[in-house]
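Analysis of the macromolecular model
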Amino acid sequence: MQKCMSSLPIVFINLSKDAKRRERMTAQFSQMGLTASRLPAVWWADLSEAEQKRYFCAPQSHGRYFKPLSNGEKGCYASHLRSWQQLMDSDAPAMVVFEDDVRLLPDLPQALAAIEALPADGSWDMIKLYGREPEKIADQGPLVQGSLQLISYQRVPSFAAGYVISRSGARKMLEARVPFDRPVDVDIRFWFENDLRVYGVYPSVISLDDTSEISSIWAQKEAPANRLQKMRKFKMKLALSWGNFRASKPLVTAVLKR
């Protein structure tokens, strides 16, 4: 297998108690010739009250998300925030971030090498490594000739399972999303609120592992949404659709200047 020439730092978010997931991720990176470090996931209840208030804005969330966030969703977001801060504290131009429930696909090393070769000029903030199938594409261009496309989205998909974030992207998220009031993948979908330039790799170069069906940080069964929550969800979807309609989609030509 071709080794990845990318020198971008790679982290995967993992709870201390999830040794099996950690071993599985480590084995995958080793098989692909990639070097990755574990980023300890945040267990929300372990944070001090001051830390929780710094990260999460409860009153605001009632107006911008349709239901209360679980502790698992809060811990997940705080974990991603810490990865972005780690990037900003380093000299790296970008960072690759994974959650620990993904399967790495053979084209990942090539994709990472191609992404590292993109200009670090603020033309892109985030490149998602996983998306929907088929994807709703707004614009596209060759990332890896003959195999992978760099795309922009008609509607940015959910999931924060794997992505590359640049310094400009980390800065935007840390400045605009602390404290947060929605789940991390939902906030990314509202890219137009803080001009987050989100692109994707198509086809996806990671997939969700079977373990993604069983969260290790929050309960799988949730109470059905009540009438008020359904109304809030409808309003949130309208806001998302309207924002996507009004905003100009990022152009791939702005990034692929090679």
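My aim in this report is to walk through the structure given alongside it, one point at a time.

Considering the overall build of the protein chain
Within the protein chain, the secondary structure is distributed over eight helices and 10 strands. Scaling as 2.2 N^0.38, a compact globule of 258 residues should have a C-alpha radius of gyration of about 18 Å, and the protein chain matches this with 18 Å. In the protein chain, buried positions account for 48% of the 258 residues. Relative to all contacts within the protein chain whose residues are 6 or more apart in sequence, the contacts with residues 24 or more apart total 82%. A total of about 12700 Å² of accessible surface is found on the protein chain, and carbon and sulfur atoms cover 54% of it. In the protein chain, 36 positive and 28 negative side-chain charges are present, and the distance between their average locations comes to 6 Å.

Re the pattern of salt bridges
All chains considered together, the criterion is met by 17 salt bridges. The partner of R21 in a salt bridge is D100, and the shortest N-O contact between them spans 3.1 Å. Of this pair, R21 sits in helix 1 (residues 19–31) while D100 sits in the loop between strand 3 (94–99) and strand 4 (102–104), and the two are 79 residues apart along the sequence. Of the residues examined, R21 reaches a relative accessible area of 12% and is grouped as buried. When its relative accessible area of 6% is taken as the criterion, D100 is described as buried. Measuring nitrogen to oxygen at the nearest pair gives 2.6 Å for the salt bridge that ties R182 to E193.

Focus on the sheet that holds strand 5 (residues 126–128)
One key point about sheets: their strands pair by backbone hydrogen bonds, in either a parallel or an antiparallel sense. Spatial ordering of the open sheet is given by 2-1-3-8-5-9-7-6, a layout of eight strands whose pairing is mixed. Here the strands that pair on one side only, and so sit at the sheet edges, are strand 2 (37–40) and strand 6 (137–144). Taken pair by pair, the neighbouring strands of this sheet meet at an average axis angle of 30°, ignoring direction. Sheet topology places strand 3 next to strand 8 (residues 162–166); five bridges connect them, and they run antiparallel. Considered in strand 8, the bridge of M95 is made with I165. Against the sheet, helix 1 contacts strand 1 (10–14), strand 2 and strand 3, and its axis sits at roughly 160° relative to strand 1. The strands touched by helix 4 (residues 71–88) within the sheet are strand 1, strand 2, strand 3 and strand 8, with strand 3 carrying the most contacts at an inclination of about 155°.

Some points on the packing of aromatic side chains
Two numbers describe a pair of aromatic rings. These are the distance of the centres and the angle of the planes. Tallied over the full model, the rule gives 13 aromatic pairs. Note on F29 and F98: the rings are 5.7 Å apart at their centroids and 50° apart in plane angle, and the pair reads as tilted. Here the residue F29 occupies a position in helix 1, and F98 occupies one in strand 3, the gap between them amounting to 69 residues. Take F29 and F98: they sit in the same class, and that class is buried. Note on F190 and F192: the rings are 5.6 Å apart at their centroids and 55° apart in plane angle, and the pair reads as tilted. Exposure remark for F190: the relative accessible area of 3% places this residue in the buried category. Each member of the aromatic cluster is reached from another via a ring pair, and the members are W44, Y55, F56, Y77, W84 and F180. Across from the ring centre of Y55, 4.6 Å away, lies the NZ or CZ of R54, which sits over that ring. Here the guanidinium or amino end of R182 rests over the ring plane of F190, the centre of that ring lying 4.0 Å away.

Some details on the environment of P68
Tracing the backbone through its elements, the reader meets P68 in the loop between helix 3 (58–64) and helix 4. Relative accessible area serves as the criterion here: at 52%, P68 is assigned to the exposed category. Taking C-alpha positions, P68 is 18 Å from E49, a pair spaced 19 residues apart along the chain.

Let's talk about the nonpolar core
Counting residues in hydrophobic clusters, the biggest one holds 42 residues, and the most contacted among them are W84, I165, F180 and I188. The element best represented in this core is helix 4, accounting for six residues. Membership of the second largest hydrophobic core comes to 34 residues, among which are M25, A94, V102 and L112.

Brief notes about the pairing of strand 7 (residues 148–153)
Burial analysis of strand 7 places five of its six residues in the buried class, which makes it a mostly covered element. Of the pairings in the sheet, the one linking strand 6 to strand 7 comprises six bridges and is antiparallel in character. Directly across from G141, in strand 7, lies its bridge partner L150. Here strand 7 pairs with strand 9 (residues 198–202) via four bridges, running antiparallel.

Things to note about the pairing of strand 1
Taking burial as the measure, the five residues of strand 1 include five buried ones, the bulk of the element. Two strands pair when backbone bridges link them, and strand 1 and strand 3 are joined in this way by four bridges, in the parallel orientation. Within strand 3, the residue paired with I13 across the bridge is E99. With four bridges connecting them, strand 1 and strand 2 associate as parallel partners.

Definitions and limits used
What you see as residue numbers is a count from 1 along each chain, following the sequence as written. Since the coordinates come from a predicted model, pLDDT governs what is reported: local features require at least 70, and pairs of side-chain atoms require 80 or more to be given and counted, while whole-chain, interface and lining totals use all residues. Based on all heavy atoms of the structure, the side-chain values leave hydrogens and waters out of the count. To qualify as a helix, a DSSP run of H or I must reach at least 4 residues; to qualify as a strand, a run of E must reach at least 2; elements of each kind are numbered from the N terminus. Based on C-alpha atoms, the radius of gyration is set beside the globule rule, defined as 2.2 Å times the residue count to the power 0.38. Accessibility here uses a 1.4 Å probe with only protein chains present; expressed as a share of the type maximum, an area under 20% marks a residue as buried, one over 50% as exposed, and anything in between as partly exposed. Contact criterion: two residues are considered in contact whenever any of their non-hydrogen atoms come within 4.5 Å of each other. Per-residue and other accessible areas follow the Shrake-Rupley method at a 1.4 Å probe size, with only the shown protein chains counted as cover for residues. Lys and Arg are tallied as positive, Asp and Glu as negative. Neither His nor the chain termini are counted. By convention, charge coordinates are those of NZ in Lys, CZ in Arg, CG in Asp, or CD in Glu. We define a salt bridge as a side-chain nitrogen of Lys or Arg found within 4 Å of a carboxyl oxygen belonging to Asp or Glu. Paired strands, as defined in this entry, are two strands with at least two bridges between them according to DSSP. Orientation is described by lines fitted to C-alpha atoms, with helices fitted over the stretch in contact, and by angles between N-to-C directions that extend from 0 to 180 degrees. The aromatic pairing rule takes the rings of Phe, Tyr and Trp, using the six-membered ring of Trp, and pairs them if the centres are within 6.5 Å, calling planes under 30 degrees apart stacked, those over 60 edge-to-face and the rest tilted. Whether a charge sits over a ring depends on NZ of Lys or CZ of Arg being within 6 Å of the ring centre and within 35 degrees of the ring normal. Think of a nonpolar core as a cluster: buried Ala, Val, Leu, Ile, Met, Phe, Trp, Tyr and Cys residues, connected wherever their side-chain atoms sit within 4.5 Å.

Without other data, these values stay purely geometric and don't point to any function.
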